[in-house]
Amino acid sequence: MNAEFFSAIEDIEREKGIPREYMFDKINQAMLAAFRRDNPDAADNVVVEIDEDKKKIEMYVITDVVETVENPAVEMTAEQAKKYSKKAKPGMQIRVPVDTKEFGRIAAQSAKQVIIQGIREAERGLIYDEFTSHEHEMLTGEVSRIDPRTGSVSMKISSNSEYTDALLSANEQMRDEEIYEGKRLKVYVIEVRKSARGPQVLISRTHPGLVKRLFEMEVPEIADGTVEIMSVAREAGSRTKMAVWSTAPDVDPIGACVGPRGGRVASIVDELGGEKIDIVRYSEIPEEYIAAALSPADVISVTMDESGKSCRVIVPDNQLSLAIGKEGQNARLAAKLTGFKIDIKPESEG
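Remember, it's a predicted structure, so these values are computed and weren't measured experimentally.

**Q** Would you take a moment to explain the pairing of strand β2 (residues 56–65) for this structure?
**A** Successive residues of a regular strand alternate their side chains across the two faces of the sheet. Taking burial as the measure, the ten residues of β2 include seven buried ones, the bulk of the element. Looking at chain direction, strand β1 (residues 46–51) and β2 are connected through six bridges and run antiparallel. Within β2, the residue paired with Glu 49 across the bridge is Glu 58. Between β1 and the antiparallel strand that follows it, β2, lie four residues; Lys 55 among them carries a positive phi value of about 55°. Relative to strand β4 (residues 93–97), β2 runs antiparallel, the two being bridged by five bridges. Of the residues in β4, the one forming a bridge with Ile 62 is Arg 95. For β2 and strand β3 (residues 75–76), the ladder comprises two bridges, and the chain directions are parallel. Its bridge partner being in β3, Val 65 is matched across the sheet by Met 76.

**Q** I keep staring at the nonpolar core and nothing clicks. Help me out?
**A** Side chains that are nonpolar tend, in soluble globular proteins, to be buried together. Judged by nonpolar contacts, the single largest core of 22 residues is most densely connected at Phe 215, Met 242, Cys 257, Leu 272 and Ile 279. If you list the elements that add at least two residues to this core, you get α5 (208–218), β10 (227–235), β11 (239–246), α7 (253–258), α8 (263–271) and β12 (276–281). With four residues, the single largest contributor to this core is α5. Leave out the neighbours within four places in its chain, and Phe 215 touches Ile 222, Ile 229, Met 242, Cys 257, Val 265, Ile 268, Ile 277 and Ile 279. Formed by 21 residues, the second largest nonpolar core is a distinct cluster that contains Tyr 289, Leu 333, Ala 334 and Ile 344.

**Q** Would you mind going over the packing of aromatic side chains with me for this structure?
**A** Here the distance between the centres and the angle between the planes together describe a pair of aromatic rings. Counted under the stated rule, the structure contains two aromatic pairs. With 5.9 Å between their ring centres and 55° between their planes, Phe 6 and Phe 24 make a pair best called tilted. With Phe 6 in helix α1 (residues 3–16) and Phe 24 in helix α2 (residues 20–38), the pair connects residues that are 18 residues apart, well separated along the chain. For the pair formed by Phe 6 and Phe 24, the shared burial category is buried. The side chain of Arg 95 reaches across the aromatic face of Tyr 60, ending 4.1 Å from its centre. Directly above the ring of Tyr 128 sits Lys 194, whose terminal nitrogen or CZ lies 4.8 Å from the centroid.

**Q** Just to check I follow, could you spell out the environment of Val 251 for this structure?
**A** Residue placement: Val 251 occurs in the loop between β11 and α7. In this structure Val 251 comes out as partly exposed when scored by relative accessible area, which is 22%. Taking the C-alpha atoms as reference points, Val 251 and Val 227, 24 residues apart in sequence, are found 8.0 Å from one another. Apart from residues lying up to four places away in sequence, Val 251 is in contact with Glu 221, Thr 226, Val 227 and Ser 246.

**Q** Explain the packing of helix α9 (residues 286–293) against helix α11 (residues 329–338) to me, please; I cannot follow it from the model alone.
**A** To characterise two packed helices, one gives the angle between the axes of the helices and the distance between these axes. Following both chains from N to C, one finds α9 and α11 inclined at 145°, their axes separated by 9 Å at the closest point. Crossing hand, α9 versus α11: right-handed. Packed against α9, whose contacting residues are Tyr 289, Ile 290 and Ala 293, the element α11 presents Ala 334, Leu 337 and Thr 338 at the interface. Tallied by class, the residues present in the contact of α9 with α11 amount to five nonpolar, one polar and no charged.

**Q** So what exactly am I meant to see when it comes to the environment of Ala 223 here?
**A** By the secondary structure assignment, Ala 223 is in helix α6 (residues 220–223). Its relative accessible area of 60% is what places Ala 223 among the exposed residues. In the structure, Ala 223 is positioned ten residues away from Arg 213 in sequence and 9.7 Å away in space, judged by C-alpha atoms.

**Q** Would you take a moment to explain the packing of α5 against α8 for this structure?
**A** Running from N to C, α5 and α8 point in directions that differ by 140°, and their axes come no closer than 10 Å. The angle between α5 and α8 places the two elements in the oblique class. In terms of crossing hand, the pair formed by α5 and α8 is right-handed. Between α5 and α8, the residues in contact are Leu 214, Phe 215 and Glu 218 and Arg 264, Val 265, Ser 267, Ile 268 and Glu 271, respectively. Of the residues in the contact of α5 with α8, the class split is four nonpolar, one polar and three charged.

**Q** Whenever I open this one, the sheet that holds β11 confuses me. Can you help?
**A** Paired through their backbone hydrogen bonds, the strands of a sheet run either parallel or antiparallel. Overall, mixed pairing links the three strands, which are arranged β10-β11-β12 in an open sheet. Of all strands in the sheet, those bounded by a partner on one side alone are β10 and β12. When the angles between neighbouring strand axes are averaged without regard to direction, this sheet yields 20°. Sheet topology places β11 next to β12; six bridges connect them, and they run parallel. Opposite Ala 243, over in β12, you have Val 280 as the bridge partner. Against the sheet, α9 engages β10, β11 and β12, with an angle of about 160° to β12.

Parameters and conventions
- Residues numbered from 1 in each chain as written.
- Predicted model: local features only at pLDDT ≥ 70, side-chain atom pairs only at ≥ 80, totals over all residues.
- Heavy atoms only, no water.
- Buried < 20%, exposed > 50% of the residue type's maximum accessible area, 1.4 Å probe, protein only.
- Helix = DSSP H or I, 4+ residues; strand = E, 2+ residues; numbered from the N terminus.
- Pairing = 2+ DSSP bridges.
- Core = buried A, V, L, I, M, F, W, Y, C linked by side-chain atoms within 4.5 Å.
- Contact = heavy atoms within 4.5 Å.
- Phe/Tyr/Trp six-rings, centres within 6.5 Å; stacked < 30°, edge-to-face > 60°.
- Lys NZ or Arg CZ within 6 Å of the ring centre and 35° of its normal.
- Axes fitted to C-alpha atoms, helices over the stretch in contact; angles between N-to-C directions.
- Left-handed = near helix turned anticlockwise from the far one by under 90°.
- Nonpolar A, V, L, I, M, F, W, Y, C, P; charged D, E, K, R; others polar.
- Parallel < 35°, antiparallel > 145°, perpendicular 65-115°, else oblique.

Here you go:
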């Protein structure tokens with residue numbers, strides 16, 4: 001074990017972020033396991049010493065000096081012990097150096113595997129910790145493989161200097177979105193799980209959180225907390241409704257999200273493949289909030305029922321289809337956005 005070995009450990013620490021103390025512990029375990037494999041009678045009498053300053057790794061067997069040897073693996077006579085210590089006498093313990101070159105081939109291979117496994121475990125731990133810290137956040141990835149049978153997409157995603165594979169399952173993909181190998185996509189990290197093969201990162205293109213993170217990235221007023229996103233309701237690939245409000249009276253939350261000449265919202269719509277986005281003003285008054293949520297339809301009145309969980313909405317006759325939306329989408333998203341059950345009626349029936 002020479003200076004090159006210690007230099008390699010330093011490189012692993014620098015490039016992979018694995019602490020050298022962790023690696024030295026794994027090396028200690030590997031050397032002990034390798035020696036005990038060929039010398040089972042040595043038991044716990046084996047000691048490994050790692051000296052970074054002298055760039056040396058040494059192994060010793062703690063041996064008892066005895067009158068009569070019964071276990072040669074851990075005992076020797078005073079005459080034999082003189083080779084290692086001129087002061088040796090019965091009753092003493094001496095340290096007998098082990099020549100690691102004498103390890104058997106199988107034992108040496110075992111030691112190598114322990115070290116390699118230790119590096120893999122540490123890498124997986126670092127990757128898991130890194131990506132767990134990004135749960136419910138947005139990351140960018142590149143499509144590496146598409147399963148023709150299931151439609152699931154494997155992506156290589158990165159965070160700082162760490163890379164890992166992530167799975168974009170078919171039900172987390174946007175409807176009709178073209179995906180091909182090499183394409184870069186922004187994805188929402190749903191969950192990071194531990195598995196035998198390392199961290200498993202589950203990602204989504206359909207989660208409402210993706211829209212929220214895109215606006216946080218695009219709109220400075222959201223990033224600094226002046227404008228808050230209160231709720232998001234989404235039917236991915238088709239339409240999203242988002243409720244916002246401002247902590248500053250002089251800042252228009254909708255205008256901030258739309259941006260100059262609509263530039264901010266346009267870039268997000270483009271990222272989402274043309275998905276329509278309705279931005280509405282949040283209100284703590286349910287009637288006002290529900291009326292805004294049904295935009296772009298005009299609302300004449302909103303009447304809450306006694307339970308406070310549903311309401312009756314009256315709209316002009318010519319606005320009924322707009323309020324309900326194609327296949328009921330506008331009303332469905334408004335209900336999801338506000339958390340209220342909404343019953344829409346035309347003015348003529350009101």
